[in-house]
Amino acid sequence: MSDALQPEQVSLNQRTLGPDVDLRTAVEAAARAGFRGIAPWREHVTAIGAPAAARLIRDAGLRVSGLCRSGFFGDGARPDDGLDAMTEMEGAIDDAATLDAATVVVTGGGVGADGDIAAARARVEDGLAAVAGRARAAGVRIALEPLHPMVAADRGCISTIDFARGLAERLDPAGDIFGVAVDAYHVWWEPDLEAAVARCGDRIQALHICDWRVPTRDLLLDRGLPGDGVAQPRRLRKFAKNASYDGLVEVETFQRELWALGDPDEIARQAMAAALAYG
Ligand code: ZN
C-alpha cells in the first residue's frame, strides 16, 4: 500500500464545519464527503444525548476519532456549561464510552488569574488522576493534547509533546488510559518534533491535521486546512506513523473564512481534498 492518505483513514472534526453546525448536519456532511470518522464536540453530543449521537454516527458508517474536549482543570476559558471541571470530565468519559470514541481529548484549561502556571499544571495532573479509575472502568482512553504556548494562559497549559507524554506516563505507567494527541497547528514548531513524537510510541491516541497560515490573522480562528501554511501536516503524520500510530487522521481547523462559506457539504469536501493532497 502506498504512503498516500486514503479517504477511509480520514476523520472530520465537527468544528471544522463551524461552531454551530449540529451533529446530524455534521455527520451527514462528513459521510457524503467520504470521511470514515468524526470528532464530535461535547455540547453537540449532550444536545441530543449520547445514545442518540452514537446511533446517528454509527448509522452513517462513521467511527469517533475523539470526543472534544474536556479536562479544564487548569482554569481560564472553558465551556460555559455551568459545570465544575470534574463533573464535566466525568460526563465526557461516560459519553465517550457510549460513543465508543477512540479517546477523550483533554486540553487542560488555562492558568487562572494568579498566573501560577505550575499550580495550574498540578491541578490538571490531580484532576486527571482523580478520573483515572472511572476511565479505566469505562474502557475509555484520554489523550492529553499539547496546545501552542500562545494559549497557555487562557486555554491549555499542557504545552509540549514531552510535557504531555511525561504527564501521561506519571498518571498511567502501563499506558492503557492516558496518551497524547498531536496536532500540527500546536506542535509544528517544536525543535525536536520527530524525536518527541517517537518518544510517545504507542501512546499517540489522536492525530490532528491542519496548517499554520502565514501571516496568521487570528490565533484562534485563522487555522488553515492542510496545505494552507507552513506546519507540514504530512511530515507530522509520517512521524506519528513511524511511532506506530495507525488510527484515524482527523482534519481539525477553526477558520472564519471557511465557516463563512455557510455550506457544510462544501467545507467537508474541501477538508477531504486538503487532507488527501497534503495530509
Ligand atoms: Zn487538535
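Everything that follows concerns the structure shown earlier in this document.
These figures come from a predicted structure and were not determined experimentally. (Residues numbered from 1 in each chain as written. Predicted model: local features only at pLDDT ≥ 70, side-chain atom pairs only at ≥ 80, totals over all residues. Heavy atoms only, no water.)

1. With respect to the coordination of the zinc ion
At step 1: Coordination of the zinc ion by the protein comes from Glu145 (OE), Asp183 (OD), His208 (ND1) and Glu252 (OE), over a distance range of 2.0 to 2.2 Å.
At step 2: For the zinc ion, the four donor atoms in the first shell make angles of 79 to 163° at the metal, a pattern classed as irregular.
At step 3: Taken in sequence order, the residues that donate to the zinc ion follow the motif E-x37-D-x24-H-x43-E. One end of the pair, Glu145, is in the loop between strand 6 (142-144) and helix 6 (161-171); the other, His208, is in strand 8 (residues 204-209), with 63 residues separating them in the sequence. Comparing Glu145 with His208, the two get one shared label, buried. (Donors = N, O, S within 2.8 Å, 3.2 Å for Na, K, Ca; no water. Tetrahedral: all angles 85-135°; square planar, octahedral: opposite > 155°, others 65-115°. Helix = DSSP H or I, 4+ residues; strand = E, 2+ residues; numbered from the N terminus. Buried < 20%, exposed > 50% of the residue type's maximum accessible area, 1.4 Å probe, protein only.)

2. Observations regarding the pattern of salt bridges
At step 1: One pass over the structure, following the stated rule, counts 24 salt bridges.
At step 2: Between Arg15 and Glu43 there is a salt bridge, with the nearest N and O atoms lying 3.0 Å from each other. With Arg15 in the loop between strand 1 (10-13) and helix 1 (23-32) and Glu43 in helix 2 (residues 42-48), the pair connects residues that are 28 residues apart, well separated along the chain.
At step 3: The partner of Arg213 in a salt bridge is Glu257, and the shortest N-O contact between them spans 3.2 Å. (Salt bridge = Lys/Arg side-chain N within 4 Å of Asp/Glu carboxyl O.)

3. Examining the packing of aromatic side chains
At step 1: Following the criterion strictly, the structure yields three aromatic pairs and no others.
At step 2: Taking 6.0 Å as the distance between ring centres and 45° as the angle between the ring planes, the aromatic pair formed by Trp188 and Trp212 counts as tilted. With a gap of 24 residues between them, Trp188 in the loop between helix 7 (184-187) and helix 8 (193-200) and Trp212 in the loop between strand 8 and helix 9 (233-242) connect regions that are remote in the sequence.
At step 3: Exposure remark for Trp188: the relative accessible area of 25% places this residue in the partly exposed category. (Phe/Tyr/Trp six-rings, centres within 6.5 Å; stacked < 30°, edge-to-face > 60°.)

4. Notes on helix 8
At step 1: Here helix 8 has its buried residues at Leu193, Ala196, Val197 and Cys200. Mapping the buried residues of helix 8 onto a view down its axis gives an arc of 95°, with all of them on the same face.
At step 2: In the core, the buried residues of helix 8 are packed alongside helix 6, strand 7 (178-183), helix 7, strand 8 and helix 9.
At step 3: At the C-terminal side of helix 8, Gly201 shows a positive phi close to 50°. (Arc of directions from axis to C-beta. Contact = heavy atoms within 4.5 Å.)

5. Concerning the sheet that holds strand 3 (residues 63-64)
In a beta sheet, neighbouring strands pair by backbone hydrogen bonds and run either parallel or antiparallel.
At step 1: The nine strands lie next to each other as 3-2-1-9-8-7-6-5-4, forming an open sheet whose pairing is parallel. In this open sheet, the two edge strands, each paired with only one partner strand, are strand 3 and strand 4 (67-70).
At step 2: Bridge count for strand 1 against strand 9 (residues 249-251) is three bridges, and the pairing is parallel. Residue pairing for strand 9: Leu12 is matched across the bridge by Val251.
At step 3: Along the sheet, helix 9 contacts strand 7, strand 8 and strand 9; its crossing angle with strand 8, the most-contacted strand, is approximately 165°.
At step 4: Across the sheet, helix 11 (residues 264-278) touches strand 1, strand 8 and strand 9, and the angle it forms with strand 1 is around 135°. (Pairing = 2+ DSSP bridges. Axes fitted to C-alpha atoms, helices over the stretch in contact; angles between N-to-C directions.)

6. Examining the environment of Asp3
At step 1: Along the polypeptide, Asp3 turns up in the segment before strand 1.
At step 2: Once the C-alpha coordinates of Asp3 and Val124 are considered, the two residues, 121 residues apart in sequence, prove to be 37 Å apart.
At step 3: If we skip the residues at most four places from it in the chain, Asp3 touches Arg237 and Lys241.

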